[in-house]
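Here is how the chains run, residue by residue.
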Amino acid sequence: MKMTTFTVNKANVYDEVAKTTGYTGFKMIQADNAAYDRIFTTDEDRMMLERFWIEACNIVTEQFKPFLVTVSAQPESHGVELDRNYEVQLELSSSYDETLSDSISSSLFSFFVSTIVSKWFKFTNKEESGNYAMEAASMLDSIMRKLYFRKKPQRVNPMQQ
């Protein structure tokens, strides 16, 4: 069995959520002057995003249950703690392809961003909420396929030993 740890940096996720919502709001200004102010997430909005962060953590933890060794605590808080990252340690098959770890980390980050943006857009930009929810689901599916993928066994030539 192989032990692997994945970490999602909460501050980086929140920064990417702000970029995504800001970009979306800016692109919609021509059709709706209030779009940017309505859609863009500010520091004051982070309390609401905190709930979405915890929901995303719970979704990933549920999916990782077959492999789960440890997972960081994500308790409900009455403030925003940007240093409380999501970290999970998994026990994977000995034939797990470690070259997929960077791709899994990237997809995991994208899952968190898409999930939080989807939930935020339910309040501020309903038309695009479903697209982000589908993208998040696709990312999670991709992660799980990579975790279950097995490298083909390599034959060892007895003459080379």
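Trainee: Could you give me a rundown of the sheet that holds strand β1 (residues 2-8), with the residues and numbers involved?
Mentor: Adjacent strands of a sheet form backbone hydrogen bonds with each other and so pair up, either parallel or antiparallel. Read across the open sheet, the three strands follow the order β1-β3-β2; overall the sheet is antiparallel. At either margin of the open sheet sits one strand with a lone partner, and together these are β1 and β2 (68-71). Neighbour-to-neighbour, the strand axes of the sheet open up by a mean angle of 15°, direction not taken into account. As paired strands, β1 and strand β3 (residues 86-92) are joined by seven bridges and run antiparallel to one another. Among the inter-strand pairings, T7 is bridged to a residue of β3, identified as E87. Across the sheet, helix α3 (residues 46-63) is in contact with β1, β2 and β3; its angle to β3 comes to roughly 5°. In this fold helix α4 (residues 101-124) packs onto β1 and β3, with an angle of close to 35° to the strand it touches most, β1.

Trainee: Before we move on, could you go through the pairing of β3 and cite the residues and values that matter?
Mentor: Residue alternation in β3 divides its side chains into a buried set, Y86, V88, L90 and L92, and an unburied set, E87, Q89 and E91. For β2 and β3, the ladder comprises three bridges, and the chain directions are antiparallel. Bridge assignment links T70 to a residue of β3, and that residue is Q89.

Trainee: Any details on the pattern of salt bridges? Residues and values, ideally.
Mentor: Tallied over the full model, the rule gives seven salt bridges. A salt bridge links E98 to K2, with the nearest nitrogen and oxygen atoms 3.1 Å apart. Separated by 96 residues along the polypeptide, E98 in the loop between β3 and α4 and K2 in strand β1 bring together distant segments of the chain. Across the pair K119 and E55 runs a salt bridge, and its minimum N-O distance is 3.0 Å.

Trainee: Outline the packing of helix α1 (residues 10-27) against α4, supporting the account with residue identities and numerical values.
Mentor: Contact geometry for α1 and α4: axes closest at 9 Å, N-to-C directions at 50°. Classified by the interaxial angle, the pair formed by α1 and α4 is oblique. Like other packed secondary-structure pairs, α1 and α4 cross with a definite hand, here right-handed. Note on element contacts: α4 touches α1 through F109, F112, V113, I116, V117, W120 and F121, opposite N12, V13, Y14, E16, V17, T20, T21 and T24. Here the residues of the contact of α1 with α4 sort into ten nonpolar, four polar and one charged.

Trainee: Talk me through the side chain of S101; I want residue IDs and the actual numbers.
Mentor: Considering the arrangement of structural elements, one finds S101 in helix α4. Given a relative accessible area of 15%, S101 falls into the buried group. Apart from residues no more than four positions distant in its own chain, S101 is found in contact with T4, F6 and Y96.

Trainee: An account of the environment of L108 is requested, with residue identities and associated values reported.
Mentor: Here L108 lies in helix α4. Relative accessible area serves as the criterion here: at 1%, L108 is assigned to the buried category. Sequence-wise, L108 and T7 are 101 residues apart; in three dimensions their C-alpha atoms are separated by 8.8 Å.

Trainee: How would you sum up the environment of T124? Please name residues and give values.
Mentor: Positionally, T124 belongs in helix α4. Separated by 42 residues in the primary sequence, T124 and L82 place their C-alpha atoms 23 Å from one another. Excluding anything up to four places from it in sequence, T124 contacts R38 and I39.

Conventions used here
Residues numbered from 1 in each chain as written. Predicted model: local features only at pLDDT ≥ 70, side-chain atom pairs only at ≥ 80, totals over all residues. Heavy atoms only, no water. Pairing = 2+ DSSP bridges. Helix = DSSP H or I, 4+ residues; strand = E, 2+ residues; numbered from the N terminus. Axes fitted to C-alpha atoms, helices over the stretch in contact; angles between N-to-C directions. Contact = heavy atoms within 4.5 Å. Buried < 20%, exposed > 50% of the residue type's maximum accessible area, 1.4 Å probe, protein only. Salt bridge = Lys/Arg side-chain N within 4 Å of Asp/Glu carboxyl O. Parallel < 35°, antiparallel > 145°, perpendicular 65-115°, else oblique. Left-handed = near helix turned anticlockwise from the far one by under 90°. Nonpolar A, V, L, I, M, F, W, Y, C, P; charged D, E, K, R; others polar.

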